[in-house]
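So you can see what is in the structure, the chains are spelled out below.
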Amino acid sequence: MDNLITCDRCGSDACYVQEVNENVKLHFCYGCGFQANTAMTRDSEFLQQQMEVLPELYKELMGEDENGLIWMPSVVNIPDKGMVFADGPNSQKWAWAGVKAIPMPEEEKAKFKEKGKEYDYKMDMTTLTHFSERDFIEALSYIGVLPE
Ligand SMILES: [Zn+2]
């Protein structure tokens, strides 16, 4: 990947930068698992909106780097693979959680269909596994997003 830069948060060289448009760049670090968005600065409306919906843990873990970028833990949600998110009671005691997706059982599929919804997969919470803070990549690999 040619868009990898050094992460301003953790110093790893696995920070992926994606240009959304002229004014907005997303930073997604595979090293620390955190992400930042150039539209999400300290006084932005975007950040305020995020603060209303984010779990407490995400707010606690949020931090600003020396360039004023605000970093928060990533949420990876890939319907046919699984999810990775930060999980735990507080910023002192948290871990990455990996949950695998499984094909939606026919019975449940039918129930959703009655409500006009269609899902082929669901998250299987029995597969929830925790990975330490520095093992974001391991968590991704657990749900099959990265090659082993
Ligand atoms: Zn990083």
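Our structure is the block above this text.
Quick summary incoming for the structure in this document. Given the structure is predicted, the values throughout are model-derived calculations rather than measurements.

1. Overview of the packing of aromatic side chains
Counted by the stated rule, this structure contains 8 aromatic pairs. Residues Phe-112 and Tyr-119 carry aromatic rings whose centres are separated by 4.9 Å and whose planes lie at 85° to one another, so their mutual orientation is edge-to-face. Accessibility expressed as a relative area gives 26% for Phe-112, which makes it partly exposed. Since its relative accessible area comes to 37%, Tyr-119 is described here as partly exposed. Each member of the aromatic cluster is reached from another via a ring pair, and the members are Phe-28, Tyr-30, Phe-34, Trp-94, Trp-96 and Phe-136. When the ring centre of Phe-34 is taken as origin, the NZ or CZ atom of Arg-9, which lies over that ring, is 3.5 Å away. The cationic tip of Lys-100 hangs over the ring face of Tyr-142; the distance from NZ or CZ to the ring centre is 4.4 Å.

2. A look at the sheet that holds strand S8 (residues 82–90)
Strand-to-strand pairing in sheets goes through backbone hydrogen bonds, with the strands running parallel or antiparallel. Strand order across the open sheet formed by 4 strands is S7-S8-S9-S10, with antiparallel pairing between neighbours. Of all the strands in the sheet, just strand S7 (76–78) and strand S10 (121–131) have a single pairing partner and so form its edges. Across this sheet, the average inter-strand angle for adjacent strands is 30°, counted without regard to direction. Bridging between S7 and S8 involves 3 bridges; their strand directions are antiparallel. In the strand pairing of S8, Asn-77 is matched with Met-83.

3. With respect to the sheet that holds strand S5 (residues 63–64)
Pairing is antiparallel across the open sheet formed by 6 strands, whose spatial order is S1-S2-S3-S4-S6-S5. For this open sheet the edge positions go to strand S1 (4–5) and S5, each flanked by a neighbour on one side alone. As defined by bridge partners, S1 adjoins strand S2 (residues 15–19) across 2 bridges and the pair is classed as antiparallel. The residue of S2 that forms the bridge with Ile-5 is Cys-15.

4. Some thoughts on the pattern of salt bridges
Considering all chains together, one arrives at 4 salt bridges under this definition. In this structure, the salt-bridge partner of Glu-56 is Lys-59, at a minimum N-O distance of 3.5 Å. A residue pair is termed a helical-turn pair when its members lie 3 or 4 positions apart in one helix, as Glu-56 and Lys-59 do in helix H2 (residues 56–61) at 3 residues. We classify Glu-56 as exposed; its relative accessible area is 55%. As a salt-bridge pair, Asp-120 and Lys-109 come within 3.3 Å of each other at their nearest N and O atoms. Separated by 11 residues along the polypeptide, Asp-120 in the loop between helix H3 (106–114) and S10 and Lys-109 in helix H3 bring together distant segments of the chain. Asp-120 gets classed as partly exposed once you look at its relative accessible area, which sits at 44%. Residue classification places Lys-109 among the partly exposed positions, given a relative accessible area of 25%.

5. Notes on the pairing of strand S4 (residues 34–37)
Judged from the 3 bridges that link them, strand S3 (residues 25–29) and S4 form a sheet pairing that is antiparallel. Directly across from Phe-28, in S4, lies its bridge partner Gln-35. Remark: 4 residues form the turn of the hairpin made by S3 and S4, two consecutive strands paired antiparallel; Gly-33 in that turn has positive phi of roughly 80°. Pairing geometry for S4 and strand S6 (residues 70–73), over 3 bridges, is antiparallel. Following the sheet pairing, Gln-35 is matched in S6 by Met-72.

Each value, and the rule that gives it
- Residues numbered from 1 in each chain as written.
- Predicted model: local features only at pLDDT ≥ 70, side-chain atom pairs only at ≥ 80, totals over all residues.
- Heavy atoms only, no water.
- Phe/Tyr/Trp six-rings, centres within 6.5 Å; stacked < 30°, edge-to-face > 60°.
- Buried < 20%, exposed > 50% of the residue type's maximum accessible area, 1.4 Å probe, protein only.
- Lys NZ or Arg CZ within 6 Å of the ring centre and 35° of its normal.
- Pairing = 2+ DSSP bridges.
- Helix = DSSP H or I, 4+ residues; strand = E, 2+ residues; numbered from the N terminus.
- Axes fitted to C-alpha atoms, helices over the stretch in contact; angles between N-to-C directions.
- Salt bridge = Lys/Arg side-chain N within 4 Å of Asp/Glu carboxyl O.

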